[in-house]
Amino acid sequence: FPLATRPVEILQLNLGKRCNQTCAHCHVDAGPDRREVMPRDVLEAALAFFEQSRIPALDLTGGAPELHPDFREIVIRAPALGRRVMHRCNLTAVLLPNYADIPALLAARAVEVIASLPYFQARETDQQRGTGVFEESIEALRRLNRLGYGRGDGLVLNLVTNPVGTFLPGEQRALEARWKRQMHARYGIVFDRL
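The rules behind each value
Residues numbered from 1 in each chain as written. Predicted model: local features only at pLDDT ≥ 70, side-chain atom pairs only at ≥ 80, totals over all residues. Heavy atoms only, no water. 1 Å grid on protein atoms, 1.4 Å probe; cavity = no way out; pocket = protein on both sides within 12 Å on 5 of 7 lines; lining within 4 Å. Points joined across faces, edges and corners; volume = space filled by probe spheres on them. Nonpolar A, V, L, I, M, F, W, Y, C, P; charged D, E, K, R; others polar. Helix = DSSP H or I, 4+ residues; strand = E, 2+ residues; numbered from the N terminus. Buried < 20%, exposed > 50% of the residue type's maximum accessible area, 1.4 Å probe, protein only. Contact = heavy atoms within 4.5 Å. Expected span 1.5 Å × (residues − 1). Arc of directions from axis to C-beta. Polar contact = N/O pair within 3.5 Å; in protein donor to acceptor, adjacent residues only side chain to side chain.

J.: Can you walk me through empty space enclosed by the protein in this structure?
T.: Unfilled space is identified by rolling a water-sized probe across the atoms. This model, assessed by the stated rule, comprises one cavity of 30 Å³ or more. Here the largest cavity defines a volume of roughly 40 Å³. Every residue along the wall of the largest cavity is listed here: Leu15, Gly16, Lys17, Arg18, Glu36, Val37, Ala64, Pro65, Leu67 and His68. Each residue belonging to the lining of the largest cavity can be placed in one class, and the counts come to five nonpolar, two polar and three charged.

Structure follows, in structure tokens:
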């Protein structure tokens, strides 16, 4: 007190409910049967607003934002403004044949990837996301690592864990250190932050 405004730090665009996964915990009820996406005129207005603003970061989310028909165009236009652009990714969408070029496009534009992975073991991840999702997620992370993501050279790869069960996650630094050890030892995967 007194209450005062602060500058907006991130403009987050939810590009729609299309997703290749059906997760029980999804807060937007996204899935393969959903067709709703941000209409082109709304997208243009949002990008124009971002361009005219001084907001330092754009955060692309969804469902699976890469399933939006204009996702590639957004990834080309937004970083050209010289600001931070983040892509929230469920990892498996970029393995779909029509979207396999997305990781290279993200890397070419230095778009930060925020990848969602419930746990560093298959049982917990597949329980939340479906059978086989964990192995596909590991393959997508390996592709991102091969492109240079998560290696400390400017291509940022952050993981977000979604705890499976009715408990809160542990202390952040200890949890991140454990994840980094486990992901590298088990799968040869590196990332920047948890």
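J.: Whenever I open this one, the environment of Leu81 confuses me. Can you help?
T.: Summarising the element assignment, Leu81 is placed in the loop between helix 2 (71-77) and strand 3 (84-89). Given the relative accessible area of 31%, Leu81 is considered partly exposed. Along the chain, Leu81 and Glu9 lie 72 residues apart, while their C-alpha atoms are 15 Å from each other. Ignoring anything within four residues of it in the chain, the contact list for Leu81 reads Phe50 and Glu51.

J.: Would you mind going over helix 4 (residues 122-129) with me for this structure?
T.: Among all positions in helix 4, only Glu124, Thr125, Asp126, Gln128 and Arg129 are buried. Note on helix 4: the residue one or two positions beyond its end, Gly130, has a positive phi of about 120 degrees.

J.: Sorry if this is basic, but what is going on with helix 6 (residues 172-187) here?
T.: Every α-helix winds through 3.6 residues per turn, so residues three or four apart in the chain are directed the same way. Taking 1.5 Å of rise per residue, the 16 residues of helix 6 would be expected to cover 22 Å, and the 22 Å separating its terminal C-alpha atoms lies within 8% of that figure. Listing the buried residues of helix 6 in full gives Leu175, Glu176, Trp179, Met183 and Tyr187. The buried residues of helix 6 occupy one face: seen down the axis, they fall within an arc of 95 degrees. Exposed residues lying more than 90 degrees from the buried face of helix 6 are Arg173, Arg181 and Ala185. Packed against the buried residues of helix 6 are helix 5 (133-146) and strand 5 (157-160). Residue Glu171 occupies the N-cap position of helix 6, its side-chain oxygen lying 3.2 Å from the main-chain nitrogen of Arg173. With its phi angle positive at about 70 degrees, Gly188 sits one or two positions after the end of helix 6.

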